[in-house]
Amino acid sequence: MNPPFRSVVLALGLIGAGGGCGGGSGATKAPSTDAPTNATSSTTPTSPSSTTDTSGTTAPDPWACDPTASPTATPTRRLSRAQYEAAIWDAVDRIGGTALRSRVATEVDAQLMLLPSDHADEALSRQDQTVSQQHIDGWYLVAEAVADGLLDLDPLPVSGPDEVPAFIDHLGSRLLRRPLTAEEQGFYLDEVYGPAPTHRDGVRDLVLVWLASPSFTSHMEHGTDTAGETTALSPHEAAARLAFHVWGVPPDDELWALADSGDLLDESTWVAQVDRLHSDPRAQGPRERFLTDWLQLDALPDLGASVGTPAFDAFRGSVDPGADLHERVARDTLDLIQWHLAAGHDLDALLTQPAHTVMDPEVAALYGVETLWDGVSEPIDLTTGHGGLLTRPSFHLTGTATTNPIHKGVWVRRRLLCDTLGDPPADLGELPVLDPSHSARMRTEQLTEQEGTVCATCHASINPLGYATEAFDGLGRPRDEEVVYGDDGQVLARWPIDDTVVPLVDNGDRTEATGAADLADLLAASAKPEACISRFWFRHTWGRSETDADACELAPVRDALAEGSLAEAFRQTTLTPAFRQRTFDDIPATEGASR
């Protein structure tokens, strides 16, 4: 590829944007009459309750729950990095309190920094179930750092050998998140503590073995029925699953006590604990991890990296991006969603309402507002042209002096509508010569929508979703015209905003939209966003992609998004029967076979 043309294509997002499509018939699927099948399927229902076939009869809801169907098997999952770090500090506090924490903090932090980060790109971070040698070594070194802190801790959490059995029974159970059998207690007493040269060394060895155990580093769930493929979780397994999912930490004392008594799995008690955990401020962190993954906020460009280039400097004007403006912009989007969650709003409100929830003065400059929201009172409406989610700066940041309609269109197709997009063709053919003074839409159309080219079919359904929000520049600022800058920072041209499109939100829908507000209304009128987000939430919950057998877990979330609230949708997952069960792969019918 000719280098100058390659730079233009990169700027427009064609290369590396994943903006192609697989079947050559457009990115939007045929009418949605199939149940969800896999991570890349774009089949989503056209209404929350039913679909209509070509004969005019109402077809069954493809997301209708069949309670007799066996849920999909879920492999044993490791803790996410955030969950593991929370579990380690919870363990430190349980073992030795603030005295131990102060002794080991520096070394434990150093070892935690060496652990691999959970990878989130098209997938979510909790779907990263890679277990590498770096994980295994890191877990051991963290466990060793905590355990070695006991060697000079005075007093020890257990004063003498007579107290060790109770120490094993109590602390060992909490760290491994299940009651220990008599055989296990004997093993830890005789084979781990017993051979140590001193009492202090024995206590240290116990803690090392527990913290390095797969029962600590993973969600180790065996269930209560060792014969069946689908089994109810034990009370302690259910407590751990609930706490890690909602709070990202091991069970607290209240949850553990209910698991000990067996009362946790009583329906009324379970619902009460679900409500307690979801309403607690500790639920915000894991919820924001999901939102960050889904919205790909970690991928926002570092705007400070472009400072010093003439075109970007001329474009940004008085805005000083600094080193962290992209992080502030991400925080602004999370603040918006947290307000909608707290207010009990639904997905339509998130997509359409122009609520002024801006609390950061640097971000407020991008909106063009001077008064900040106080974070408490009812927000007023923005009057800047900004509306719902897709008008917020996080959706528009490019790190360049221009916008990226392709990138925006791909994001909506994949993350809000769950439509399948393939990769760009390997052979793009001969690229046209682009006029650098043209608008972003004009250049994108010439590059990807010329009749008869390999790009045209797919981009006809991608690009309009990006064009509709062209009234916002590459910093998310509202604009009445597009100013095109040359590499030297000089103005090459000024163009009126052309944001009239046919966005093809639903298959066959040729409704025209002008601007972001019209697009948001069409998205809100469609059932696809609710169905799509329920898929992403499922993947966050289970660490895997959805299948046909998962309708009983998907449908309640989708319905809550459509008819209830965002907060209720997150809550619904923990109320499904499957959340208190585990399904295993087929068990070999051999004598002595076990999990």
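First, a word on scope: everything that follows refers to the structure included in this document. (Residues numbered from 1 in each chain as written. Predicted model: local features only at pLDDT ≥ 70, side-chain atom pairs only at ≥ 80, totals over all residues. Heavy atoms only, no water.)

## Quick notes on the overall build of the chain
Counting its regular elements, the chain contains 22 helices and 10 strands. Expressed as a percentage of its 595 residues, the buried residues of the chain come to 54%. In the chain, of all internal contacts separated by at least 6 residues, the share reaching a separation of at least 24 is 70%. For the chain, the computed accessible surface area is about 25,100 Å², with 52% contributed by carbon and sulfur atoms. (Helix = DSSP H or I, 4+ residues; strand = E, 2+ residues; numbered from the N terminus. Buried < 20%, exposed > 50% of the residue type's maximum accessible area, 1.4 Å probe, protein only. Contact = heavy atoms within 4.5 Å. Areas by Shrake-Rupley, 256 points an atom, 1.4 Å probe, with all protein chains shown as cover.)

## Some remarks on the pairing of strand 7 (residues 491–496)
Successive residues of a regular strand alternate their side chains across the two faces of the sheet. Direction of pairing for strand 6 (residues 481–485) relative to strand 7: antiparallel, over a ladder of 5 bridges. Within the sheet, the bridge partner assigned to Tyr 485 lies in strand 7 and is Val 491. As consecutive antiparallel partners, strand 6 and strand 7 are separated by 5 residues, and within that stretch Gly 489 has a phi angle of approximately 85°, a positive value. (Pairing = 2+ DSSP bridges.)

## Comments concerning the state of the cysteines
Tallying each qualifying case throughout the model produces 2 disulfides. Covalent S-S linkage joins Cys 65 and Cys 552, the inter-sulfur distance amounting to 1.9 Å. Because the torsion about its S-S bond is 90°, the bridge between Cys 65 and Cys 552 counts as right-handed. Linking Cys 65 in the loop between strand 2 (58–59) and strand 3 (77–78) with Cys 552 in helix 21 (residues 551–563), this pair joins segments that are 487 residues apart in sequence. Between the sulfur atoms of Cys 418 and its disulfide mate Cys 532 the distance is 2.1 Å. Where Cys 418 bonds to Cys 532 through sulfur, the torsion about that S-S bond is close to 75°, and the disulfide is right-handed. Residue Cys 418 is located in the loop between helix 16 (405–416) and helix 17 (440–448), and its partner Cys 532 is located in helix 20 (residues 528–542); the two are separated by 114 residues in the primary sequence. Take Cys 418 and Cys 532: they sit in the same class, and that class is buried. (Disulfide = S-S within 2.5 Å.)

## Focus: the pattern of salt bridges
For the structure on display, the rule yields 40 salt bridges. The residue Asp 473 makes a salt bridge to Arg 477 at a minimum N-O spacing of 2.8 Å. As far as the burial class goes, Asp 473 and Arg 477 line up, both buried. Taking the shortest distance from any N to any O, the salt bridge between Glu 546 and Arg 535 comes out at 2.9 Å. Of the two residues, Glu 546 sits in the loop between helix 20 and helix 21 while Arg 535 sits in helix 20, which places them 11 residues apart along the sequence. Here Glu 546 matches Arg 535 in class, with each residue buried. In the salt-bridge network here, residues are joined through shared partners; they are Asp 90, Arg 94, Arg 174 and Asp 253. (Salt bridge = Lys/Arg side-chain N within 4 Å of Asp/Glu carboxyl O.)

## So, unusual backbone geometry
Glycine aside, residues mostly have negative phi angles, and peptide bonds mostly take the trans form. With an omega of 0°, the peptide bond running from Asp 154 to Pro 155 counts as cis. By the secondary structure assignment, Pro 155 is in the loop between helix 3 (133–148) and helix 4 (164–176). Its identity is not glycine, yet Arg 177 carries a phi of approximately 65°, on the positive side. Using a relative accessible area of 6% as the deciding quantity, one classes Arg 177 as buried.

## Some thoughts on the nonpolar core
Most often, soluble globular proteins keep nonpolar side chains buried together rather than apart. Formed by 60 residues in total, the largest nonpolar core has its most connected members in Phe 290, Trp 294, Leu 390, Trp 411, Val 412, Leu 416 and Leu 523. Of the residues forming this core, the biggest block, 7 residues, is contributed by helix 13 (residues 325–343). Those residues in contact with Val 412, other than ones at most four positions away along the chain, are Leu 390, Phe 395, Leu 417, Leu 465 and Leu 523. Counting 42 residues, the second-largest nonpolar core is a separate cluster that includes Val 158, Ile 168, Leu 175 and Trp 210. (Core = buried A, V, L, I, M, F, W, Y, C linked by side-chain atoms within 4.5 Å.)

## Regarding the packing of aromatic side chains
Enumeration according to the criterion identifies 15 aromatic pairs in this entry. Their ring planes at 75° and their centres at 5.8 Å tell us that Phe 395 and Trp 411 sit as a pair that is edge-to-face. With Phe 395 in the loop between helix 15 (361–367) and helix 16 and Trp 411 in helix 16, this residue pair connects regions lying 16 residues apart in the sequence. Judged on exposure class, the residue Phe 395 and its partner Trp 411 are both buried. Directly above the aromatic system of Phe 579 lies the positively charged group of Arg 241, at a separation of 5.8 Å from the ring centroid. The residue whose ring lies beneath Arg 282 is Trp 247, and the NZ or CZ to ring-centre distance is 3.7 Å. (Phe/Tyr/Trp six-rings, centres within 6.5 Å; stacked < 30°, edge-to-face > 60°. Lys NZ or Arg CZ within 6 Å of the ring centre and 35° of its normal.)

## Some details on the environment of Ser 102
Position of Ser 102 relative to the elements: it lies in helix 2 (residues 81–113). In terms of polar contacts, Ser 102 uses its side chain to reach the backbone carbonyl oxygen of Ala 99, at 2.9 Å. (Polar contact = N/O pair within 3.5 Å; in protein donor to acceptor, adjacent residues only side chain to side chain.)

## A few points about the packing of helix 11 (residues 284–295) against helix 16
The geometry of helix 11 relative to helix 16 is characterised by a closest axis approach of 10 Å and an angle of 130° between their N-to-C directions. The orientation of helix 11 with respect to helix 16, classified from their angle, is oblique. From helix 11, Asp 293, Trp 294 and Leu 295 reach across to helix 16, where they touch Trp 411, Arg 415 and Leu 416. (Axes fitted to C-alpha atoms, helices over the stretch in contact; angles between N-to-C directions. Parallel < 35°, antiparallel > 145°, perpendicular 65-115°, else oblique.)

## What about the packing of helix 3 against helix 6 (residues 199–211)?
Where helix 3 contacts helix 6, the axes come no closer than 8 Å and their chain directions differ by 155°. Here helix 3 lies roughly antiparallel to helix 6, going by the angle between them. The handedness of the crossing between helix 3 and helix 6 comes out as right-handed. Contacts between helix 3 and helix 6 involve Tyr 140, Ala 143, Glu 144, Val 146, Ala 147 and Asp 148 on the former and, on the latter, Arg 204, Val 207, Leu 208 and Leu 211. Within the contact of helix 3 with helix 6, the residues separate by chemical class into 7 nonpolar, no polar and 3 charged. (Left-handed = near helix turned anticlockwise from the far one by under 90°. Nonpolar A, V, L, I, M, F, W, Y, C, P; charged D, E, K, R; others polar.)

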